[in-house]
Amino acid sequence: MCGIVGLLVKTPALRDRLGELMLPMLIGMSERGPESAGLAVFTEPLSGTARKYSIYSGARASSGWDEFEQSARHDLGDAVRLDINANHAVLETTAEPHVVKEWLCHRHAQYHLLSVGKSIDLYKDTGSPREVADRYGFAELSGSHVVGHTRMATETAVTPARAHPFTAGEDFCLVHNGSLSNPYSVRRKLEPLGIAFETDNDTEAACRFLEWRMREGDDLETSLRKGFDELDGFYTFLMGTRDELALVRDAFACKPAIVAENDDYVAISSEFRSLAKLPDVKNAQLFEPKPEEIYVWRK
Amino acid sequence: MAQVTFDLARQPLRELNQYLHQRAGERDLHVRVLNPDGAHSIAAGVDAAMDIDIEGHAGYYAGGMNQHARLTVHGNAGPGVAENMMSGRMHVKGFASVAAGASGNGGLLVIDGDASLRCGISMKGIDIVVAGSVGDFAAFMAQAGVLVVGGDAGDALGDSIYEAVIYVRGRIKSLGADAHEEDMTPRDYEVLGALLDSAGHRYDPRHFRRVASMRTLYHWNADANQEY
Amino acid sequence: MGYAEDEPRSAQESWGYDRAIIDYIHRAAAHGLYEIRGLGAKRKLPHFDDLLFLAASLSRYPLEGYRERCETKTVLGTRHAKKPIELAIPITIAGMSFGSLSARVKEALGRAATEVGTSTTTGDGGMTAEERRSSKTLVYQCLPSRYGFNPDDVRKADAIEIVIGQGAKPGGGGMLLGQKINPRVARMRILPEGVDQRSACRHPDWTGPDDLVMKIQELREITDWEKPIYVKIGATRTFNDVKLAAIAGADVIVVDGMQGGTAATQTVFIEHVGVPTLAALRGAVEALEDLKLRGTVQLVVSGGIRTGADVAKALAMGADAVSIGQGMLMALGCNSDTYMQNGELHSALSDYGKLGTAPGYCHHCHTGGCPVGITTQDEVLEQRLDPAVAARRVKNYLKTLTMELTTIARACGKQNVHHLEREDLVALTVESAAMAGVPLAGTDWIPGRER
């Protein structure tokens, strides 16, 4: 069980303040999710064939980043960039994703790949939301939109890998408040189809289901609609793609969600109290998403 | 009338609620709560005929288990507004989230906007008047009381309803198990009219329809094809 | 081969299709409805009987009975409440509704608890005046149905117990058949008289541990942070549930294993849903240890606690207290062949017969026709229980349990029953060793654990 937050700024001038605006939203959900936190921010997309890879080095801050960087230059080409932040780094390279993934898997198996894309940077770790936010400097982040999450583990362990967001493909992430009742069946259906799972977490099952449907050619909305029949349980899902935020609740809508929208931004949270400090929220349009309706906001 | 103001931006919720609880039985008191900002359990457990104005949006359980007090939320209310209210009045000027008036035993809950799913779930005598629409599962397992819906009702209206009665003015997406429409009687118009007046909602009672229990689920019956 | 005269021709009963299953299928074919009954799981399960104590030896020294003190005082709800629950013994009386039980029974239980210095618990029907008057320490349940739940009683209670589920039917709501919905019960629950009542299985205004945080806070705010908030869970994924309840803010967690009783529910629920108390208790203790909350959040276990030995073993495994439901009913006379009325002993045999059962086999609480006047609302049957006599019986039972508990504790060298620990136990079977996390007797093997 958890807290979810999302923010998309419509006014370009607010992009530099994205992290600053989102931070109190995330911290405001600490009671719902005291044990782990994470977010995915979507920045200005890289040009050409370059992509970004968010990489997690493990529970302790890694001193091995220098070797990692040298290894990357050597194996992936000189044009790599590595932005290091405690036990997290963003690797920029023009090498193809499958090449990078294989390289990581074979040469640096102890590092965990969090996300791939032209726009997405993803951070997640165990710790209170405040601790995680301070560790990675969430307040300083900038971008067009962000998806965040605070975790209270229900059935699976509290580990960094089981924190949200989960990602699939490129420039896609998902956070979840709720509990699926058939996650293992979903996993058993998808694994033989070549969809790889990292954890036993129910949210990952939902993410992989969407990954599968999108791999088969469904757009996000169609994939979510198929999810109404195949994913059982209670959920509010918030997703981010390169250009959009998407939000959906199951038919029972037992897990909360509220949206605040004005000309400057769209803000989403599990509870209004974490939106209360947003600028001019008094004049924002406030509403609660209806069950089984898919809401999409483009940047 | 004595006036007291609390500012939740500067004072802890506990101070407000304890103050209110210490005033049990008092009347002639007007309390304003500033900067609620979605805080939960504002004015929960009040037992006094005082007036309370919550000046902004409330979180979960505003006015929970209220007795006698007249509360107004000048904004929206989160899940479970006026849950288990025994008497008194709660008025939400904006919209109400899920489970509005859940298990309410008495008093009047007025919602000027819409109410989300499960409005009046398990109601036990409370009267709820919604000017707007209600979401799915309104009046689920409603035992007693009246739910008035000025707008539309969602799916499964009145599912497993006992003796509560629902008046709906707009469209009903679907009726729940054991719920059906019945003819309005003069008594219905009287009751409905009085509730609309109390709520301050200017609707014509003659535009409403009555939904109540068929009472076929009252006893287990092998032939009734019941889902138990 | 010679058959005896009265033996059936084919003398081999099927194990899978034995008489019980054949009866079940015949009844299903006749009625088209599941069987509903009372009490708890009747099937044999790994239980406390499979555990034994290692008492005094050359390395451990016993205490003298009577002369050397063995403390039984128990405090529940120390985490946040201004007024924790102080009990003289670590044995409480579990939640059972007025409605499933008569008002006299609730009063008798209250009187006995008060005399002995422990608590009773309301049930899925609200607080009766008799119970509040007679019980010095009363835990008030907040259930999915919210029948009778009101703030005046919240303020009168000594603790509030948010019930998520019970061992007999985790995931199921309460059930009370029409014959027990008499005018008083109907009034308290705000239901039509005689209706077959079915309670909700989920709380109306919250779902999930993240929202439970707010519900617990609301109840704390309403009671000005004075009273402990308990959370009661039917045993399923107990390790996870206890962690979540603790994280959500519970002061006391009550875990009810599948042996726990009910007055009425579907038999399939009772026998096939939930896990044994032994396994649940181990998971619950591990959860609190994992969070480093042992001693801060207290644990009460129920579901098949019958004897002083059960109590001692539960405490040794890490419970702070136990709660007893069915045992209390039996102390009152459930399944007894006689009852006491107007100072005279009467036979109840024919009334058991009318229900189609006999003493020792009866589980017909749901009918309201309890031959000894316990689980009934019938005005005639109610008279078969005298609250004063009944209270004395329950008191005697509680005292016996406590004496057995302290006898065992003293033999293990403990000056305080809460000093019993899991290393004082060994197991007789592989299943109980694995479930309880206790080594098989004579070995240091705990199945399923690395050594």
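Source: prediction; values computed, not measured.

Draft legend 1. View of the overall build of chain A. If you tally the helices and strands in chain A, you get seven helices and 16 strands. Taking 2.2 N^0.38 as the reference for a compact globule, 299 residues should give roughly 19 Å; the C-alpha atoms of chain A span a radius of gyration of 18 Å, in line with that estimate. Burial status across chain A gives 51% buried among its 299 residues.

Draft legend 2. Highlighting the overall build of chain C. Along its length, chain C carries 15 helices and 18 strands. Computed over C-alpha atoms, the radius of gyration of chain C comes to 22 Å, within 12% of the 22 Å expected from 2.2 N^0.38 for 451 residues, which places it in the range of a compact globule. A principal-axis box enclosing the C-alpha atoms of chain C has dimensions of 70 × 60 × 45 Å. Considering chain C as a whole, with its 451 residues, one finds that 58% of them fall into the buried category.

Draft legend 3. Here's a closer look at the pairing of strand E11 (residues 229–234) of chain C. All names here are of chain C. With six of six residues buried, E11 is to be regarded as a mostly interior element. Side chains of E11 alternate between two faces, with Ile229, Val231 and Ile233 and Tyr230, Lys232 and Gly234 buried alike. Of the pairings in the sheet, the one linking strand E8 (residues 159–163) to E11 comprises four bridges and is parallel in character. Bridged to Val163 within E11 is Lys232. In the sheet, E11 pairs with strand E12 (residues 252–256) via five bridges, with the strands oriented parallel. By the bridge assignment, Ile233 is partnered in E12 with Val255. The β-α-β motif built from E11, the intervening helix H7 (residues 238–248) and the parallel element E12 has right-handed crossover chirality.

Draft legend 4. A look at the interface of chain C and chain B. Across the boundary between the two partners, chain C contributes 24 residues, which contact 38 residues of chain B. Put simply, the parts of the chain that give the side of chain C that touches chain B at least two residues each are helix H4 (151–156) and helix H6 (209–222) of chain C. A per-class count over the side of chain C that touches chain B returns 13 nonpolar, five polar and six charged.

Draft legend 5. Looking closely at the packing of helix H6 (residues 202–215) of chain A against helix H7 (residues 220–230) of chain A. Residues and elements named next belong to chain A. At a minimum axis separation of 9 Å, H6 and H7 run at an interaxial angle of 130°. Our classification of the angle between H6 and H7 gives oblique. The two elements H6 and H7 meet at a crossing, and its hand is right-handed. In contact with Phe209, Leu210, Arg213 and Met214 of H6, H7 contributes Leu220, Ser223, Lys226, Gly227 and Glu230. For the contact of H6 with H7, the class distribution of residues is four nonpolar, two polar and three charged.

Draft legend 6. Examining the sheet that holds strand E4 (residues 81–85) of chain A more closely. All names here are of chain A. Pairing is antiparallel in the open sheet, where four strands are placed in the order E4-E5-E3-E6. Bordering the open sheet on either side are E4 and strand E6 (112–117), each of which pairs with just one other strand. This sheet shows a mean twist of 20° between the axes of neighbouring strands, independent of strand direction. On top of the sheet, helix H3 (residues 97–107) reaches strand E3 (51–56), strand E5 (88–93) and E6; it is set at about 175° to E6, its chief contact.

Draft legend 7. The packing of H6 of chain C against H7 of chain C, seen in detail. All names here are of chain C. H7 packs onto H6 with a crossing angle of 40° between their chain directions and a minimal axis gap of 8 Å. With respect to H7, the axis of H6 lies oblique. Seen along the crossing, H6 lies across H7 with a hand that is right-handed. Side by side, H6 and H7 meet where Pro209, Leu212, Val213 and Ile216 of the first sit next to Leu244, Ile247 and Ala248 of the second. Here the residues of the contact of H6 with H7 sort into seven nonpolar, no polar and no charged.

Draft legend 8. Looking closely at the sheet that holds strand E9 (residues 166–167) of chain A. Residues and elements named next belong to chain A. If you trace the five strands from one edge of the open sheet to the other, you get E9-E10-E11-E12-E16, paired in antiparallel fashion. In the strand order of this sheet, the two ends are held by E9 and strand E16 (295–298), each with one partner. The sheet contact formed by strand E11 (residues 233–241) and strand E12 (residues 244–249) spans five bridges and is antiparallel. Bridge pairing in E12 links Gly240 to Leu245. Set on the sheet, H6 makes contact with E9, strand E10 (172–180) and E11; between it and E10 the angle comes to about 130°.

Draft legend 9. Examining the domain arrangement of chain A more closely. Residues and elements named next belong to chain A. By the assigned domains, chain A splits into domain 1 (2–45 + 129–298) and domain 2 (47–118). The C-alpha centroid of domain 2 is placed 24 Å from the C-alpha centroid of domain 1. Between domain 1 and domain 2, the contact holds 12 residues from the first and 11 residues from the second. Each residue belonging to the side of domain 1 that touches domain 2 can be placed in one class, and the counts come to six nonpolar, two polar and four charged.

Draft legend 10. Summary view of helix H9 (residues 277–290) of chain C. Residue and element names in this part refer to chain C. Helix length check: H9, at 14 residues, gives a terminal C-alpha distance of 20 Å against a target of 20 Å (1.5 Å per residue), a fit within 8%. Taken together, the buried positions of H9 are occupied by Thr277, Leu278, Ala279, Ala280, Leu281, Arg282, Gly283, Ala284, Val285, Ala287 and Leu288. Tucked into the core, H9 has its buried residues touching H7, E12, strand E14 (298–302), helix H10 (308–317) and helix H15 (430–436).

Draft legend 11. Layout of the environment of Thr5 of chain B. Residue and element names in this part refer to chain B. Here Thr5 is to be found in strand E1 (residues 2–7). Given 12 C-beta atoms within 10 Å, Thr5 falls into the exposed group. Thr5 sits 159 residues away from Ala164 along the chain, and the two C-alpha atoms are 38 Å apart. Those residues within four positions of Thr5 in sequence are excluded, and the remaining contacts are Arg32 and Leu34.

Analysis parameters
- Residues numbered from 1 in each chain as written.
- Chains lettered and ligands numbered in written order.
- Predicted model: local features only at pLDDT ≥ 70, side-chain atom pairs only at ≥ 80, totals over all residues.
- Helix = DSSP H or I, 4+ residues; strand = E, 2+ residues; numbered from the N terminus.
- Rg over C-alpha atoms; globule rule 2.2 N^0.38 Å.
- Buried ≥ 20, exposed ≤ 12 C-beta atoms within 10 Å, placed from the backbone.
- Pairing = 2+ DSSP bridges.
- Right-handed = clockwise from strand over helix to strand, strands pointing away.
- Contact = placed C-beta atoms within 7 Å.
- Nonpolar A, V, L, I, M, F, W, Y, C, P; charged D, E, K, R; others polar.
- Axes fitted to C-alpha atoms, helices over the stretch in contact; angles between N-to-C directions.
- Parallel < 35°, antiparallel > 145°, perpendicular 65-115°, else oblique.
- Left-handed = near helix turned anticlockwise from the far one by under 90°.
- Domains from an automatic or database assignment.
- Expected span 1.5 Å × (residues − 1).

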